[in-house]
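Close look at the chain arrangement
Spelled out from the first residue to the last, the chains are:
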Amino acid sequence: MADEIQIANVLSDKNAMLVLTYMSYMNDRPKLSDLDNIITNFHILDAAVKSLVCAGLLKTDVITKPRKTTYLEYTEKGRLVSHLLQQVNEICVHDIETAIPPRKVQII
């Protein structure tokens, strides 16, 4: 139960959902600095990534030479959550009527 609460708290942060969704549209393994065009404040971006790592949705790989670079990767759970968020994003961005079949409503 504690894991579910932690993940729900993390996903309620708009920056965490933004990171997960944005990463799903990237082809390569992104660097932390690749995300600074969506979250321009480094401390906010770093905090969002750290909370996703603590929740078990992302993992980081830090390379120190020739300069320090942090790469981001999904965990298996993170990949699944990201895929679902991407589907939700597609529904919101595109025509919602094509995504969800309308229910017939009978007016009396």
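The notes below deal with the structure included here. Residue numbering note: each chain is counted from 1, following its sequence as written. Where totals are concerned, whole chains, interfaces and linings use all residues; where local detail is concerned, this predicted model gives features only for residues with pLDDT of at least 70, and gives and counts side-chain atom pairs only at 80 or more. Note that the side-chain values use all heavy atoms of the structure and ignore hydrogens as well as water.

Under the DSSP-based scheme used, a helix requires at least four consecutive residues in state H or I and a strand at least two consecutive residues in state E, with every element numbered from the N terminus. Counting its regular elements, the protein contains five helices and two strands. The linear arrangement of helices and strands in the protein, starting from the amino end, is α-α-α-β-β-α-α. Here the protein holds 108 residues, and 28% of them are scored as buried. Taking as baseline every contact in the protein between residues at least 6 positions apart, the subset at least 24 positions apart corresponds to 48%. Of the roughly 8,000 Å² that the protein leaves accessible, carbon and sulfur atoms contribute 57%. The cut-offs for exposure are 20% and 50% of the maximum accessible area for each residue type, with area from a 1.4 Å probe on protein chains only; residues under the lower value are buried, those over the upper are exposed, and the others partly exposed. Note on contacts: a residue pair qualifies if any of its non-hydrogen atoms lie within 4.5 Å across the two residues. The Shrake-Rupley method, run with a 1.4 Å probe sphere, supplies the accessible areas, and residue values consider only the shown protein chains as cover.

Quick look at the nonpolar core now. What is meant by a nonpolar core is a set of buried Ala, Val, Leu, Ile, Met, Phe, Trp, Tyr and Cys residues, joined one to another through side-chain atoms within 4.5 Å. Counting residues in hydrophobic clusters, the biggest one holds 20 residues, and the most contacted among them are Val19, Leu20, Met23, Leu45, Leu52 and Leu58. Broken down by secondary-structure element, the contributors of at least two residues to this core are α1 (2–11), α2 (14–24), α3 (42–54), β2 (69–74) and α4 (76–93). Leave out the neighbours within four places in its chain, and leucine 52 touches Val10, Ala16, Val19, Leu20, Leu57 and Leu58.

Looking now at α3. One fewer than the residue count of a helix, multiplied by 1.5 Å, yields its expected span. The terminal C-alpha atoms of α3 lie 18 Å apart, and with 13 residues this matches the ideal 18 Å at 1.5 Å per residue to within 8%. Among all positions of α3, only Leu45, Asp46, Ala48, Val49 and Leu52 are buried. Relative to the axis of α3, the buried residues are bounded by an arc of 160° and lie together on one face. Relative to its buried face, α3 has exposed residues pointing more than 90 degrees away, namely His43, Lys50 and Cys54. What the arc describes is the spread of directions from the helix axis to the C-beta atoms.

Given two aromatic rings, their pairing is described by the distance between the two centres and the angle made by the two planes. Pairing of aromatic rings covers Phe, Tyr and the six-membered ring of Trp, with a centre-to-centre limit of 6.5 Å; geometry is then stacked below 30 degrees between planes, edge-to-face above 60, and tilted otherwise. Within the structure shown, the criterion is met by zero aromatic pairs. Two conditions define a charge sitting above a ring: the NZ of Lys or the CZ of Arg must be within 6 Å of the ring centre, and it must be within 35 degrees of the ring normal. Over the ring of tyrosine 71 we find arginine 29, and its NZ or CZ is 4.2 Å from the ring centre.

With that settled, consider the pairing of strand β1 (residues 58–63). In this description, strands pair whenever DSSP reports at least two bridges between them. Looking at chain direction, β1 and β2 are connected through six bridges and run antiparallel. Residue pairing for β2: threonine 60 is matched across the bridge by leucine 72. Counted between consecutive antiparallel strands, the loop separating β1 from β2 contains five residues.

This part is about the packing of α2 against α4. A pair of packed helices is characterised by two quantities: the angle between their axes and the separation of those axes. Interaxial angles span 0 to 180 degrees and are taken between N-to-C directions of axes, which are lines fitted to C-alpha atoms, for helices over the stretch in contact. Relative to each other, α2 and α4 sit at 85°, their axes nearing to 9 Å. Classified by the interaxial angle, the pair formed by α2 and α4 is roughly perpendicular. Note on element contacts: α4 touches α2 through Val81, Ser82, Leu85, Gln86 and Asn89, opposite Met17, Leu20, Thr21 and Ser24. What sets the label is the angle itself: under 35 degrees gives roughly parallel, over 145 gives roughly antiparallel, 65 to 115 gives roughly perpendicular, and the rest give oblique.

Moving on to the environment of glutamate 73. Tracing the backbone shows glutamate 73 in strand β2. Expressed as a C-alpha distance, the spacing of glutamate 73 and lysine 59, which sit 14 residues apart in the sequence, is 5.3 Å. Not counting the four nearest positions on each side in its chain, glutamate 73 is found in contact with Met23, Arg29, Leu57, Leu58, Lys59 and Asp61.

All right, on to the pattern of salt bridges then. The term salt bridge refers to a side-chain nitrogen of Lys or Arg lying within 4 Å of a carboxyl oxygen of Asp or Glu. The full count for this structure, using the stated rule, is three salt bridges. In this structure, the salt-bridge partner of aspartate 61 is arginine 29, at a minimum N-O distance of 3.1 Å. Separated by 32 residues along the polypeptide, aspartate 61 in strand β1 and arginine 29 in the loop between α2 and α3 bring together distant segments of the chain. In this structure, the salt-bridge partner of glutamate 73 is arginine 29, at a minimum N-O distance of 3.0 Å. Of this pair, glutamate 73 sits in strand β2 while arginine 29 sits in the loop between α2 and α3, and the two are 44 residues apart along the sequence.

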